[in-house]
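# Structure assessment
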Amino acid sequence: MIFRHFLVDVNESNTFLIGCEETREAMLVDLGEWDPAIPAFLEVQKLRLAAIFITHDHYDHTDGLRAALEHHEAEVYSGKGCVGGQQGTRVTQDDSIAIGALRCRVALTPGHTPEGISLVAPGMVFTGDALFAGSVGGTSSPDNAKRQLSYIRDQIFTLPGDYEIHPGHGPSSTVAVEREKNPFFN
Amino acid sequence: MSNSTHYAPVHCKATDCGAFALTGADTCWAHLADREGWCAKLGDLDLNAAWLAGIDLSGRNLSGWDLRSARLSGACLKDADLAGADLRDTFLDGADLRGTNFTSANLEFAILGGADASGARFIDANLQRANLVGLRAHNADFTGADLYYARPGNADLEGAHFHNAKIQRTIFRRANLKDADLTGAEGSANFENANLEGVAR
């Protein structure tokens, strides 16, 4: 499995790339900006951008979509279908996304946004703005906050403790660390 | 930003062991027969994004090593010397870092959540955006360290020294800073529900 983290300027958001070593297909998770480092990495690694997974429809996670799609025929997956002004495929709980030999699974994590989703990949999970290291995403109401915590407990904290958590902003973490130490849950 | 490109740990060859094998070995640390031999050749390996979970390198001189994006979860690095080491994006969650020397090390985006770094030295270290969630670091020395946007939520930092540290956007939510030294620390940090009893500012 190929893995790479890009820190882009827009709100210091994270973009992640995972790829299949055999087929050289790659998927980006969130794309706040089409940072030149991303196409450069694709070229150097001889990767074909096959998909872009958007955890939620906020500009700091989608503003790079248009530029990326001008250069690559990639399928866009999100919880809404249309994100960042781009049409894509709507996915929901337990839907499977394959990138070469990699098998990923969609997990619903609404709260920060109604259609927020996470992506479970081998050994790791991408949580967007639902769950951060030591924090959770902002919500518009107490009900949405409760809903978000509930989904995180059910969808993320039930994963193995050594799974890596890669959020939309800030440092990565592990399921065990967040389950046992995150101030919003402990 | 991580330079890692490959992330494919293989399973330990020991029967019924569910752990991953260490980089440069075919077993995990628990099943490694020749630990000294493996440790001896460690300096010759490319350790970028290496799988090193659970290893014991306590007391060793690792100063200046490139361990970017390595997985050192649960490792014992007690009293090791990692001065000037490149530890960007490195997983040190749950590790034993007591007394470890991180002076001038680069720990940007490093994950130290749940580790014990009591008595460790982070003098002038780069801890920008580091995950320090639930870190135990009694009397650790962060003098001059850069903790921009670091996340020590729920951390136990009793008696720690942050003299002249940069703490802009650092999130000390629910951290225990009892008797910590924040004199000369620069920047606006989040101290929501933190214990600030006896803090020197």
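One structure accompanies this document, and this report is about it. In every chain, residue numbers begin from 1 and rise along the written sequence. Following the order in which they are written, the chains are lettered starting with A and the ligands numbered starting with 1. With pLDDT at 70 or above as the cut-off, local features in this predicted model cover only qualifying residues; side-chain atom pairs require 80 or more to be listed or tallied, and sums for whole chains, interfaces and linings still use all residues. Water and hydrogen atoms play no part in the side-chain values, which are based on all heavy atoms of the structure.

### Considerations on the overall build of chain B
Operational definition: Secondary structure elements follow DSSP: runs of H or I no shorter than four residues count as helices, runs of E no shorter than two count as strands, and numbering proceeds from the N terminus. Radius of gyration here is computed from C-alpha atoms only, and the compact-globule reference equals 2.2 Å multiplied by the residue count raised to the power 0.38. Buried residues are those whose accessible area, probed at 1.4 Å on protein chains only, stays under 20% of the maximum for their type, while exposed residues exceed 50% and partly exposed ones sit between those limits. For the area figures, the Shrake-Rupley method with a 1.4 Å probe applies, and any residue is considered shielded solely by the protein chains shown.
Along its length, chain B carries one helix and zero strands. Taken over C-alpha atoms, the radius of gyration comes to 17 Å for chain B, in line with the 17 Å a tight globule of 201 residues would show. For chain B, the spread of C-alpha atoms along the principal axes amounts to about 55 × 30 × 30 Å. Counting all 201 residues of chain B, 55% fall into the buried class. Total accessible area on chain B is roughly 7,600 Å²; 43% of this is exposed by carbon and sulfur atoms.

### Examining helix α1 (residues 35-42) of chain B
Residues and elements named next belong to chain B. So the rule is basically this: Working note: the arc is built from the helix axis to C-beta atom directions.
When we look at burial in α1, the residues that qualify are Trp 38, Cys 39 and Leu 42. End-on, the buried residues of α1 take up no more than an arc of 100 degrees, which puts them together on one face. With respect to the buried face of α1, the exposed residues turned more than 90 degrees away are Glu 36 and Ala 40.

### A look at the sheet that holds strand β8 (residues 89-90) of chain A
Strand pairing within a sheet occurs via backbone hydrogen bonds; the two strands may be parallel or antiparallel. All names here are of chain A. Note the threshold: The pairing criterion for strands is at least two bridges between them, as found by DSSP. Should any heavy atoms of two residues lie within 4.5 Å, those residues are counted as being in contact. Between N-to-C directions, angles span 0 to 180 degrees; the directions come from axes that are lines fitted to C-alpha atoms, helices contributing only their stretch in contact.
Read across the open sheet, the six strands follow the order β1-β2-β3-β4-β5-β8; overall the sheet is mixed. Both edges of this open sheet fall to β1 (2-7) and β8, since each of them pairs with a single strand only. Sheet topology note: the strand β3 (residues 25-29)/strand β4 (residues 48-53) ladder contains five bridges and is parallel. Note that in β4 the partner of Leu 28 across the bridge is Ile 52. Contacting β1, β2 (14-19), β3 and β4, helix α1 (residues 37-44) crosses the sheet at an angle of about 160 degrees to β1.

### Observations concerning the pattern of salt bridges
Residues and elements named next belong to chain A. Threshold: What counts as a salt bridge is simple: a side-chain nitrogen of Lys or Arg found within 4 Å of a carboxyl oxygen of Asp or Glu.
According to the stated counting rule, one finds 17 salt bridges over all chains in the structure shown. Residue Asp 57 is joined to Lys 80 by a salt bridge in which the shortest nitrogen-to-oxygen separation is 2.9 Å. In this pair, Asp 57 sits in the loop between β4 and α2 (59-62) while Lys 80 sits in the loop between β5 (75-78) and β6 (82-83), placing the two residues 23 residues apart along the sequence. For Asp 57, a relative accessible area of 26% puts it in the partly exposed group. A relative accessible area of 38% means that Lys 80 is categorised as partly exposed.

### With respect to the nonpolar core
We apply this condition: We define the nonpolar core as a collection of buried residues of types Ala, Val, Leu, Ile, Met, Phe, Trp, Tyr and Cys that are connected through side-chain atoms lying within 4.5 Å of one another.
Of all hydrophobic cores here, the largest spans 58 residues; its most connected members are B:Leu52, B:Leu107, B:Phe122, B:Phe142, B:Leu147, B:Leu157 and B:Phe162. Once you skip the residues sitting within four places of it in the chain, B:Phe162 turns out to touch B:Phe142, B:Leu147, B:Leu157, B:Phe172, B:Leu177, B:Asp181, B:Leu182, B:Thr183 and B:Ala185. By size, the runner-up hydrophobic cluster in this structure holds 22 residues, among which are A:Met1, A:Phe3, A:Val29 and A:Phe53.

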